[in-house]
Amino acid sequence: MSLIVLSVACVGFFWVQRACPHTGGQDKTSLSARPSAVVPQGGHVTLRCHYRRGLNNFTNFTLYKDDRSHVPVFHSRIFQESFLMGPVTQAHTGTYRCRGSYPHSPTEWSALSEPLAIMVTGTYRCYGSVTHSPDVLSAPSDTLDIVITGLYEKPSLSAQPGPTVQAGENVTLSCSSQNSFDMYHLSREGEARGLSLSAVQSVNRTFQADFPLGPATHGGTYRCFGSFRTAPYQWSDPSDPLSVSVTGNPSSSWPSPTEPSCKTGITRHLPIVIRYSVATIIFTILLFFLLRRWCSDKKRL
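Residues numbered from 1 in each chain as written. Predicted model: local features only at pLDDT ≥ 70, side-chain atom pairs only at ≥ 80, totals over all residues. Heavy atoms only, no water.

Novice: Hey, could you run me through the state of the cysteines in this one?
Specialist: As used in these notes, a disulfide is a covalent bond between sulfur atoms, one from each of two cysteines. Using the criterion set out here, one finds 2 disulfides in the structure. One disulfide bridge connects Cys49 with Cys98, the sulfur atoms lying 2.0 Å from each other. Given an S-S torsion of about 85°, the disulfide between Cys49 and Cys98 has right-handed geometry. Separated by 49 residues along the polypeptide, Cys49 in strand S3 (residues 45-51) and Cys98 in strand S7 (residues 94-101) bring together distant segments of the chain. Cys98 matches Cys49 in its accessibility class, with the two residues each being buried. Here Cys175 is linked by a disulfide to Cys224, with a sulfur-sulfur distance of 2.0 Å. (Disulfide = S-S within 2.5 Å. Helix = DSSP H or I, 4+ residues; strand = E, 2+ residues; numbered from the N terminus. Buried < 20%, exposed > 50% of the residue type's maximum accessible area, 1.4 Å probe, protein only.)

Put into structure tokens, the structure is as follows:
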């Protein structure tokens, strides 16, 4: 009886070993990203899963994401082969791990790699390196945003109280559309950077954003674009250009309060100057008579 139980136990153990993957504790894989773990939206990234000792004993590897979504197995002939992921979206942002399996035991897996964070942007950076150390990169450059326009119907742009305003008058530009855009972007000719605001649904069922520009000082030509949060670097066609002109600039006819003109300063202080001059003349005359009298008295003595 005990022999039968032992036989059944051995068969069960063998079946479990064949059916369930076994994770190794020492054979730990490494996961890397090329050219960078920071990927522009719509771009591609190559993920490499390899054994840190350089032994090519894996026939395939599996990728796992921190939200437990499983990336399909990528079968490779040698472990150095890579997994090309893309075009990427915001859904690809997250932390990844990988593990490999052995050719002689497909149910036996290596330990999971250290986590690798993948960040998806429409923002680009460049790096420098030298030939003898291609894996040693310089500090990243400043970011560069690449935007694709012309993917959706153009919004409309208007000015309140109007496209022609008095200098110092508050002006607001409104960008709106029937499309349910999440964001609006305002640009001015001659300026590299613009403004971005979230869209809100208005009473007339349009989606609108109001850009307060404050007191008007100088005019310009403006355009606006619409976009969705799921694709922040894919914009609509530009709106028709809107020219804002400013009239009656006070700086051309009135002196600045902080920088008074020479003429204004003299006029303001003229009474003080006159009083000081008159007092000086009277004092000089009195001094002259006093000195003359003193001289006459001295001669008599």
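After that view of the structure, there is still more to cover.
Novice: Could you clarify how one ought to interpret the pattern of salt bridges in this entry?
Specialist: Side-chain pairs of opposite charge can arise whenever the charged atoms involved come near each other. Per the stated rule, a full pass over the model turns up 4 salt bridges. Between Lys154 and Asp240 there is a salt bridge, with the nearest N and O atoms lying 2.8 Å from each other. Remark: Asp240 occurs in the loop between strand S20 (231-235) and strand S21 (242-247) and Lys154 occurs in the loop between strand S11 (144-145) and strand S12 (156-160); sequence separation between them is 86 residues. By relative accessible area, which is 40% here, Lys154 ends up partly exposed. (Salt bridge = Lys/Arg side-chain N within 4 Å of Asp/Glu carboxyl O.)

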